[in-house]
Every structure is written in structure tokens, then in C-alpha cells.
Amino acid sequence: MNAKPRGRQFFNNPGPTNIPDRILRAMDRPVMDFMSDEFLAIQHACHAGVKRVLKTDQTLYMYSATGHGAWEAALANLFSAGDTVLIIETGYFSQSWAEMATNLGIKVETLAADWRKGADISQLADRLARDKAHAIKAVLTVHNETATGMVLPLPDIRRALDEAKHPALLLSDTISSLASMDYKMDAWGIDVTVGGSQKGLMLPTGMSLTGVSAKAIEVSRKNKAPRHYWNWELMNGRAPQKFIGTAPVHMFFGLQESLKMLEEEGLDAVFARHARLGEATRAAVRAWGADGKGPQLFCQSSDRLSNSVTAVLMPEGTSSDGLRKAAIDRYNLSLGGGLGPLMGKAFRIGHMGDLNEPMLLGCLATTELAMKTAGVPFAPGGVDAAIESLAG
Ligand code: PLP
């Protein structure tokens, strides 16, 4: 029998992420009546806190569900079978959301994009201008594509809609940017934001949310498509809980602590920390691939690099699965795998949530060690480059 490696696991998956001890301790308490005034006060404080993170004054709904649930909530409330939506291709997660929409009977048009370079927003503007009949009911976006480590410029997308005077709703998945990178739901004119618990909020998986604009609420009221658990009107009818079924009180205990931690650090400081750690990770990857033979940054658009996750393309003839196996089996370092067509060809370093410099350096140094063990070629100096970046 293989002994498990000793010591603390270094967890660098891009979700779920490390759950801080403070959050675990906050959840380690007896259950509470979910209809009590005491719980209601906690729930309302959590709603207000999440709205501050999303920078929205609009309506928030929360679900006992993964991010897929909140994706479905957005689609089920807004669209009927036969409606058309336009999704901007980013990678595996835009494809997955599109697949869900198709399975719900929604017609999905895709603005195709090279996963390494990202979508050309001028093509979106052209497409919207050509849609004179306004057949496109919504533009769907993934703010931070977790599979590729690339960010979409949401303000540019909003501008394209405004300049075309197109009434389509703007939906955005912020699952892997929430509480890691700045997100301004109201200022950017986002109609529906989809978020989840297990990344920047540093919570267990299983709670998700949608921020919904007044315009989107109006659209949902007119939508006749059948739905129940996700039904925003039904949720309004369950006020003051605004929750269908038994509220997961322990998730809210954790969320209350998470919001306290984010606000103690300050959101701007949280985003700056993620930017620092993201840049250091990229410095390491650039050094590993400096000779052209080692791993490379997957994202080739320097103005769209994600500060919460870095996808790394393996050198020809090597497998990211072998590397990840060496990392976890021998050194207790968990890295994310490549998704969809990138399976085996890329790995991902998550640098979101509860993470600091020593944790990241431990991850980068151990990734080098695992590359040596797994026979992956790389140029030296990655960890030094990360240190330089962090010290700068
Ligand atoms: N969207 C993005 C950008 C994600 O990264 C993920 C999961 O990693 C999802 C959606 C799906 O969320 P979940 O796995 O919680 O259903």
C-alpha cells in the first residue's frame, strides 16, 4: 500500500480552493432554525455582503447548488425553447454553458474565438448591428475562463451592445473571478451575474448565486417557460427567506466569515494580492519556457491574463496528467488538469482565494520538482523569476 505523503497538502486547483481555518471554525457550530430571526439576520447580512462584492444594488438570489445550478437558473428564468442567445466562445466553460442552453431548447449562436487569443469584440459589434430584428435575446459571457486563464473585457462588450442600440440582455459568469478580480455588475451594465461559493469566496462547493437586474426580472416575469426550484418569482414569494427549501445554514455561517475576511483585507487589497500572485506565476511559466522547449503560457493575449488561474501548455510529447500525478502522489501538491480538448495537454495553477506568497512559491517550486520527476523539459529560473516579481 502506498503511504500518503506527509505534511500539509498544497492545493492549487482553480476551484475548489483552500478553505481558511477561520471559515471552517465558523461553520463548526450547532445548527440553527432556518426560520428564526437569528438566522434571517445572518442571511440578510450575507446577501448585502455579496452585493458589495458584486458591486450591485440589484436583486440577489442564492441556491443550494453548484455553479451549474446558477447557470441553469439564469437560463430557465429568462428564456423559452426556441429563443436565441449569442455566446462568446472562451473555452470549456463557455462550451458547457452553451450545451446546457441547447439542452433546454434554446438556440445558441456562438461567436467563435481562438482559445489562446480570445474573442474579437469588433466581430460582436458587427453581429449585433446585423441583428436588425433583435432575434438575439441575450449575450452570454464567461468573465474569467477557468480552463484557459483568460478574461473577457466586459465593459467593451457592454459598449458594443450600447453602440448597436441592441436590447439583448448581458449575462456574465463570474464563477472564477468573484472576489478575486474586480467585477462591477452595475457599472458594467450586467443584467445577470452567475457566481459560486468554492473559489474566491473560499467556501465549500454547493452554494451559488445570481445577481439580477430590474430589466432581467421584467424579462423573467414575461417568460412562460416552466421552472420551479430556480423560479425567481417563487423565491420572491418565499420572502423574507427568499429560498426554496431548507436554507443551508452552515454555508451561510461560512459565507458570513468569508465576507468578514474579505472586508477586513479590503476588496482592493484582495484584488491586488491576486494580481501579484498571478503575475508571479506567469513570470515562473515564462522562465520555464524561455528556451522554447519548456511549458508555455496558454493565454497569448497580454491584456486578458487572468489573476486567479494560469493555464500552462505542456511541451510537445509530454503529458500534463503525468506531471499532475507526480505532483500529487509524490509531493502532495494538487494542480488542475486540462479541460476538454486541453486534457493531457495543459495543466492549471489556481492562485485564487486563501493564498499568500509562501504558498504560491511552494507550489511553483514543487511544480518544478514534479516536472523534473516526470521528465518534462523546462528552462531553469522559474522560481527565481517569481521571487523577483513578488519582491518588485
Ligand atoms: N463556470 C466557470 C467559469 C467555472 O470555472 C466553473 C467550475 O469550475 C463552472 C462554471 C461550473 O461550476 P460548478 O462546477 O460549481 O458547477
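Shown above is the structure to which this text applies.
Residues numbered from 1 in each chain as written. Predicted model: local features only at pLDDT ≥ 70, side-chain atom pairs only at ≥ 80, totals over all residues. Heavy atoms only, no water.

Novice: What am I meant to see in the site of the ligand here?
Specialist: Around the ligand, the neighbouring residues are Thr66, Gly67, His68, Trp71, Phe93, Val142, Asn144, Thr146, Asp173, Ile175, Gln198 and Lys199. Between the ligand and Gly67, the relevant distance is 2.8 Å, taken from an oxygen atom to a main-chain nitrogen or oxygen of the residue. With respect to the ligand, the side chain of Gln198 contributes an N or O atom lying 2.7 Å from an oxygen atom. Summarising the interface, the protein chains cover 88% of the accessible area of the ligand, which totals 390 Å² for the free molecule. Top element by residues in the shell around the ligand is helix H3 (residues 67-78). It accounts for 3 residues. Here the residues of the shell around the ligand are counted per class, giving 4 nonpolar, 6 polar and 2 charged. (Near = heavy atom within 4 Å. Polar contact = N/O pair within 3.5 Å; in protein donor to acceptor, adjacent residues only side chain to side chain. Areas by Shrake-Rupley, 256 points an atom, 1.4 Å probe, with all protein chains shown as cover. Helix = DSSP H or I, 4+ residues; strand = E, 2+ residues; numbered from the N terminus. Nonpolar A, V, L, I, M, F, W, Y, C, P; charged D, E, K, R; others polar.)

Novice: Help me out: how do you make sense of the side chain of His143 in this one?
Specialist: Along the chain, His143 falls in the loop between strand S5 (136-142) and strand S6 (144-145). Once residues within four sequence positions are removed from consideration, His143 is found in contact with Met150, Val151, Leu152, Leu154, Ser172, Asp173, Thr174, Ser177, Asp182, Tyr183 and Trp188. (Contact = heavy atoms within 4.5 Å.)

Novice: Is there a simple way to think about the sheet that holds strand S4 (residues 107-111) in this case?
Specialist: Consider a sheet: its strands pair through backbone hydrogen bonds, and that pairing is either parallel or antiparallel. Read across the open sheet, the 7 strands follow the order S2-S10-S9-S8-S5-S3-S4; overall the sheet is mixed. Each having just a single partner strand, strand S2 (59-64) and S4 make up the two edges of the open sheet. Across the sheet, the mean angle separating the axes of adjacent strands is 20° when strand polarity is ignored. Along the sheet, helix H2 (residues 37-54) makes contact with S2, strand S9 (192-196) and strand S10 (207-212), crossing S2 at roughly 115°. Packing against the sheet, helix H4 (residues 92-103) makes contact with strand S3 (84-88), S4, S5, strand S8 (169-173) and S9, and its axis sits at approximately 145° to S5. (Pairing = 2+ DSSP bridges. Axes fitted to C-alpha atoms, helices over the stretch in contact; angles between N-to-C directions.)

Novice: Before we go on, may I ask you to explain unusual backbone geometry in this structure?
Specialist: Leaving glycine aside, a negative phi is the common case for residues, and trans is the common case for peptide bonds. With an omega dihedral of -5°, the bond running from Gly15 to Pro16 counts as a cis peptide bond. Note on placement: Pro16 falls in the loop between strand S1 (10-12) and helix H1 (21-27). Following Ala239, the chain continues to Pro240 via a peptide bond in cis, the omega torsion being 5°. Structurally, the position occupied by Pro240 is in the loop between helix H8 (232-237) and helix H9 (249-265). The backbone of His134 shows a phi angle near 55°, a positive value even though the residue is not glycine. Although it is not a glycine, Ala179 sits at a positive phi angle of roughly 60°. Relative to the elements of secondary structure, Ala179 occurs in the loop between S8 and S9.

Novice: Teacher, can you tell me more about the nonpolar core here?
Specialist: Ranked by internal contacts, the top residues of the largest apolar core, which has 52 residues, are Ile88, Leu124, Val139, Ile157, Phe252 and Leu255. Considering every element that reaches this core, the biggest residue donor is H9, with 8 residues. Of the domains in this structure, domain 1 (21-263) and domain 2 (266-391) are the two that each give at least three residues to this core. In terms of nonpolar packing, the next biggest core, distinct from the first, is built from 36 residues, Ala70, Ala138, Leu140 and Trp230 among them. (Core = buried A, V, L, I, M, F, W, Y, C linked by side-chain atoms within 4.5 Å. Buried < 20%, exposed > 50% of the residue type's maximum accessible area, 1.4 Å probe, protein only. Domains from an automatic or database assignment.)

Novice: Mind showing me how you'd approach the side chain of Gln241 here?
Specialist: Within the secondary structure layout, Gln241 lies in the loop between H8 and H9. Exposure remark for Gln241: the relative accessible area of 9% places this residue in the buried category. In terms of polar contacts, Gln241 uses its side chain to reach the backbone carbonyl oxygen of Phe34, at 2.7 Å. When sequence neighbours within four positions are dropped, the list of residues in contact with Gln241 reads Phe34, Met35, Leu40 and Gln43.

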